[in-house]
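# Chain and residue survey
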Amino acid sequence: FSNARRERITDLNLLKTFVAVHETGTVTAAAERLFVTQSAVSQALTRLRRELGDQLFVREGRVMRATPAAENLYPRFHAALSGIETAISDLRDFDPTTAQHRFRFALSELGEVGFLPSILRALASTAPGISVEVVPLDVHALPEWLANGRVDLAIASTPPPGDFTGPILKSERYVVLMSTAHPLARRKSISREALRAARHVMTTSDSAAPGVGAALEAAGLRLAPDLVVGHTAALPGLLHAGPWVTIVPSSLADSWMPTWPLTTRALPVDLAPIDVRLYSRSTSQE
């Protein structure tokens, strides 16, 4: 595109419309996100097409497919819009002592156990008017959720797809957790062979589990679970009653051991700590 054409795209509403159509794939969904009519979205697309000299989106059934030119423009338009809205947001006064707002957090079950109590205690003392809604973390959907405002904050130990980064809240080491009555609990250390031969239970609610499994496999230790459960809270009872071992963050194991007859052992491989990061929404749709 020529510089003259680029310079004419100065209306932020046009940028918002372009980004919304690209991310939602339909005029209807884009209109719902932007709180405007479908006609307004169609008119904005018409103007964009005229200004940029490209079709930008081609209808295929119910979906608007981006042209190569639109695919090329999207990351730059998205970044520009994000930068502008972040700057505007920074200028807004926010008094936590008087603010009345509901924030939506995306957390795994481990995140709820490990972080939510501290978050709520902090809010109760510094921002009593702030309420919180927690939605189950989906790392693959997180970029879209943060971009379109479905969630305001997310805590994840697995980086979401794309160019996302966030401050590290903590670095977590993983350990082997088992009942104090388990045969491996009699050993001061566990060999690779012994851990591989043990019966493993794992939970799908740990967002770091795929990364931990991949790191263990890269170190030459592939572990196949005999039992997979959906909730982290089920693990202590299963370990106490059955022949299982599991691999969990050390802080979670520490929180369970005072009330359950459980014990930990170090992994037989040198596994780097897993960084748990805070991710925040990149644009404001309010």
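Everything that follows concerns the structure shown earlier in this document.
In this report, the structure presented in the accompanying data block is examined. (Residues numbered from 1 in each chain as written. Predicted model: local features only at pLDDT ≥ 70, side-chain atom pairs only at ≥ 80, totals over all residues. Heavy atoms only, no water.)

## A word on the overall build of the chain
Where we set the bar: Per the convention used, a helix needs a DSSP run of H or I reaching at least four residues, while a strand needs a run of E reaching at least two, with both numbered from the N terminus. Areas reported here follow the Shrake-Rupley algorithm with a probe of radius 1.4 Å; residue values treat only the protein chains shown as occluding.
Regarding its fold elements, the chain presents 12 helices and 12 strands. For the chain, the exposed area adds up to about 15,300 Å²; of that, 54% sits on carbon and sulfur atoms.

## As for the side chain of S179
In plain terms, the rule: Any two residues whose heavy atoms approach within 4.5 Å at even a single point are treated as in contact.
With respect to the helices, strands and loops of the structure, S179 is situated in strand 7 (residues 174–179). Every residue in contact with S179, bar those within four places of it in the chain, is listed here: A185, L239, H240, P261, L262 and T263.

## Brief notes about unusual backbone geometry
Here L56, not a glycine, exhibits a phi torsion of approximately 70 degrees, which is positive. In this structure, L56 sits in the loop between helix 4 (38–52) and strand 1 (57–60).

## Digging into the packing of helix 2 (residues 12–24) against helix 3 (residues 27–34)
For the record, the criterion: Each axis is a line fitted through C-alpha atoms, and for a helix only the stretch in contact is used; angles between axes span 0 to 180 degrees, taken between their N-to-C directions. In this scheme, roughly parallel covers angles under 35 degrees and roughly antiparallel covers those over 145, while 65 to 115 is roughly perpendicular and the rest are oblique. Crossing chirality is assigned from the near helix's rotation relative to the far helix, an anticlockwise turn below a right angle marking it left-handed and a clockwise turn marking it right-handed. Gly is placed with the polar residues, together with every amino acid not listed as nonpolar (Ala, Val, Leu, Ile, Met, Phe, Trp, Tyr, Cys and Pro) or charged (Asp, Glu, Lys and Arg).
Closest axis-to-axis distance for the helix 2/helix 3 pair is 8 Å, and the angle between their directions is 125 degrees. With respect to helix 3, the element helix 2 is oriented oblique. The crossing of helix 2 and helix 3 is right-handed. Residues K16, T17, V19, A20, V21, E23 and T24 of helix 2 form the contact with helix 3, whose participating residues are A29, A30, R33 and L34. Classifying every residue of the contact of helix 2 with helix 3 by side-chain character gives six nonpolar, two polar and three charged.

## Looking at the nonpolar core
For soluble globular proteins, the rule of thumb is that nonpolar side chains tend to be buried together. Counted only if it meets this: Put simply, a nonpolar core is a bunch of buried Ala, Val, Leu, Ile, Met, Phe, Trp, Tyr and Cys residues held in one set by side-chain atoms that sit within 4.5 Å of each other. Whether a residue is buried, partly exposed or exposed follows from its accessible area with a 1.4 Å probe, protein chains only, as a fraction of its type maximum: under 20%, in between, or over 50%, in that order.
Counting residues in each nonpolar core, the largest one holds 23 residues, and the members touching the most others are F18, V21, V41, L45, L48, L56 and F57. Here this core takes six residues from helix 2, the largest share from any one element. Apart from residues lying up to four places away in sequence, F18 is in contact with L48, L56, F57, A70, L73, Y74 and F77. If you look at the next biggest cluster of nonpolar residues, it comprises 19 residues, including M178, L221, V245 and I274.

## Quick look at the side chain of T203
Relative to the assigned elements, T203 resides in strand 8 (residues 199–203). In contact with T203, not counting residues within four places along its chain, are A209, V229, G230, H231, T232 and L235.

## Comments concerning the environment of T165
Within the secondary structure, T165 is located in the loop between strand 5 (153–156) and strand 6 (168–172). Here the alpha-carbon distance between T165 and Y279, two residues 114 residues apart in the chain, equals 6.9 Å.

## Quick word on the sheet that holds strand 12 (residues 274–280)
Applicable threshold: The pairing criterion for strands is at least two bridges between them, as found by DSSP.
With mixed pairing, the five strands of this open sheet are ordered in space as 4-3-5-12-6. The open sheet has two edge strands with one neighbour each: strand 4 (130–136) and strand 6. Ignoring strand direction, the axes of neighbouring strands in this sheet form an average angle of 20 degrees. Where strand 3 (residues 101–107) and strand 4 come together, seven bridges link them in parallel fashion. Among the inter-strand pairings, R102 is bridged to a residue of strand 4, identified as S131.

## Some remarks on the packing of helix 3 against helix 4
Contact geometry for helix 3 and helix 4: axes closest at 8 Å, N-to-C directions at 110 degrees. The angle between helix 3 and helix 4 falls in the class roughly perpendicular. Residue-level inspection shows V27, T28, A30 and A31 of helix 3 in contact with helix 4, the latter providing Q38, V41, S42 and L45. Across the contact of helix 3 with helix 4, the residue classes tally to five nonpolar, three polar and no charged.

No statement about biological role is implied by the geometric values presented.
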